[in-house]
Amino acid sequence: MSAVTDRLPAFPWDKLTPYKATASAHPGGIVDLSVGTPVDPVPEPIQKALIAAADSPGYPTVWGTPELRDALTGWVERRLGARGVTHRHVLPIVGSKELVAWLPTQLGLGPGDRVAYPRLAYPTYEVGARLARAGYEVYDDPTDLDPEGLKLLWLNSPSNPTGRVLSQEELTRIVAWARSHGVLVFSDECYLELGWEADPVSVLHPDVNGGSYEGIVAVHSLSKRSNLAGYRAAFLAGDPDVLAPLLEIRKHGGMMTSAPTQAAVVAALGDDEHVRVQRERYAARRDALRAALTGHGFRIEHSEASLYLWATRGESCWETVAHLAGLGILVAPGDFYGEAGANHVRVAFTATDERVREAVQRLS
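None of the values given here were measured: they were computed from a predicted structure.

**So, the sheet that holds strand β2 (residues 90-93)**
One open sheet holds the 7 strands; their spatial order is β2-β8-β7-β6-β5-β3-β4, and the pairing between them is mixed. Sheet topology places β2 and β4 (135-139) at the edges, where each strand pairs with a single neighbour. Recorded for the sheet is a direction-independent mean angle of 20° between the axes of neighbouring strands. Examined bridge by bridge, β2 and strand β8 (residues 234-238) share 4 bridges and lie antiparallel to one another. The partner of V90 across the bridge, within β8, is A237. Where helix α6 (residues 124-131) meets the sheet, it contacts β3 (114-118), β4, β5 (150-156) and β6 (184-188), and its direction lies at approximately 155° from that of β4. Sheet contacts for helix α9 (residues 240-253): β2, β6, β7 (216-221) and β8; angle to β2, the most-contacted strand, approximately 35°.

**With respect to the pattern of salt bridges**
If you walk through the whole model with that rule in mind, you get 22 salt bridges. Here E170 and R164 are joined by a salt bridge, their closest N and O atoms 2.9 Å apart. Three or more residues joined by partner-sharing salt bridges are found here, namely D40, R285 and D353.

**A few points about the environment of T320**
One can find T320 in helix α12 (residues 317-326). With a relative accessible area of 1%, T320 lands in the buried category. For the pair formed by T320 and H344, sequence separation is 24 residues and the distance between their alpha carbons is 8.1 Å. Residues within four places of T320 in sequence aside, it is in contact with F298, R313, E315 and V345.

**A closer look at the packing of aromatic side chains**
Counted by the stated rule, this structure contains 12 aromatic pairs. On the basis of an interplanar angle of 65° and a centroid distance of 6.2 Å, the ring pair of W196 and F349 is categorised as edge-to-face. You can see W196 sitting in the loop between β6 and α8 (206-209) and its partner F349 sitting in the loop between β13 (345-348) and α13 (353-363), a full 153 residues away along the chain. Comparing W196 with F349 shows no difference in burial state: the two are buried. The interplanar angle of 65° and the centroid separation of 5.9 Å between the aromatic rings of W318 and F336 together place this pair among those described as edge-to-face. With W318 in helix α12 and F336 in the loop between β12 (332-333) and β13, the pair connects residues that are 18 residues apart, well separated along the chain. An identical accessibility class is assigned to W318 and F336; each is buried. Linked through ring pairs, W13, Y19, W318, F336 and Y337 together constitute an aromatic cluster. The ring of W63 is capped by R69, whose NZ or CZ atom sits 3.9 Å from the centre of that ring. The ring of F298 carries the charged tip of R313 above its face, separated from the ring centre by 5.7 Å.

**Examining helix α4 (residues 66-80)**
In an α-helix, one turn spans 3.6 residues, which is why side chains three or four residues apart end up on the same side. The first and last C-alpha atoms of α4 sit 20 Å apart over 15 residues, in line with the 21 Å expected at 1.5 Å per residue. For α4, the full list of buried residues reads L68, R69, A71, L72, T73, W75, V76 and L80. In this structure, the buried residues of α4 make contact with β2, β7, β8 and α10 (259-269). Where α4 ends, the next residue or the one after it, G81, has phi of about 80°, a positive value.

**Describing the nonpolar core**
Grouped together as the largest cluster of nonpolar side chains are 63 residues, with contacts concentrated most on L33, W154, F186 and L236. Among residues more than four places away in sequence, those in contact with L236 are H89, V90, L91, I93, L99, F186, V217, A218, V219, L243 and L246.

**Examining α6**
With respect to burial, α6 is a largely interior element, 6 of its 8 residues being buried. Along α6, the residues that are buried comprise T124, Y125, E126, G128, A129 and L131. The first or second residue beyond α6 is R133, which carries a positive phi of 65°.

**A few points about the side chain of T143**
Residue position: T143 is located in the loop between β4 and β5. One polar contact links T143 to R173, side chain to side chain, over a distance of 3.0 Å. Not counting chain neighbours up to four residues away, the residues in contact with T143 comprise R173, I174 and W177.

Procedures and definitions
- Residues numbered from 1 in each chain as written.
- Predicted model: local features only at pLDDT ≥ 70, side-chain atom pairs only at ≥ 80, totals over all residues.
- Heavy atoms only, no water.
- Pairing = 2+ DSSP bridges.
- Helix = DSSP H or I, 4+ residues; strand = E, 2+ residues; numbered from the N terminus.
- Axes fitted to C-alpha atoms, helices over the stretch in contact; angles between N-to-C directions.
- Contact = heavy atoms within 4.5 Å.
- Salt bridge = Lys/Arg side-chain N within 4 Å of Asp/Glu carboxyl O.
- Buried < 20%, exposed > 50% of the residue type's maximum accessible area, 1.4 Å probe, protein only.
- Phe/Tyr/Trp six-rings, centres within 6.5 Å; stacked < 30°, edge-to-face > 60°.
- Lys NZ or Arg CZ within 6 Å of the ring centre and 35° of its normal.
- Expected span 1.5 Å × (residues − 1).
- Core = buried A, V, L, I, M, F, W, Y, C linked by side-chain atoms within 4.5 Å.
- Polar contact = N/O pair within 3.5 Å; in protein donor to acceptor, adjacent residues only side chain to side chain.

See below:
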């Protein structure tokens, strides 16, 4: 086991333990804005679908039921503007983090291969490369990378942690560059339905990919849009020549979404109203926290989408973490997401309305 764990970096969240203790000691209790985990109820139609499918004694299929695949293809075309999407273009996965961590291994990457991801990024992109013993590097503009040996290019728009959104023009240019060099593109679009000051576009849109899914796959999750983080429900959509071997590998590995969860996903993707309601909740929390942070001397950068505010006071992120912990507020230090985040913190607005109000009061 040590041979595998030795490949991994130190788990960054352990560093927050003393600051969490400080924040928890506040007389009004902790306001935890460090992790973007949903706190609002799972919408009732989704719960009902899960319960109705609870009597599922048999093994579920890795590819999902035909009803699930219909729901996935229908949503991708309706919401993302994709065209000509068939069952071969979609694949359910057991939450997006599992996919990110194991994708390089499942693609057969190893020593001599390279994986690239944004300079400020979700740490699991690096973890996935390390598990496969592949090389890894960060970029500001992926088209500046040396394509030699570059086998997997991660895009992330809207970004975690910054909330930055890549424009349609940027995505089109990047996809064209990757195709010209034979580089596989995986686009992490898990926050796509949470655009605030921008309208995020998928790599699956024909204006980006020219009507072809060759060499591109989008990653989507129901954790944020539908409060289903506890269900582990996500999916891939894109190049069937990439998804077909992944499906075979995942069959052998038993990487299957539970039958009740599959039924819940069908209900979730068929209902837009709960997404609208949840967006309104997040929008109100975002507005309140943004105003409070700027009033407290913070500058907010990017943050045009996603569930986070990328904030700085022009000091070490750990000084900021300590300052806010003293107010009973816990946030994530920016260097968790790369050295370029050393002077920023990521502030999630996924806390309850009551906890957000408490944070606003403390900041003011």
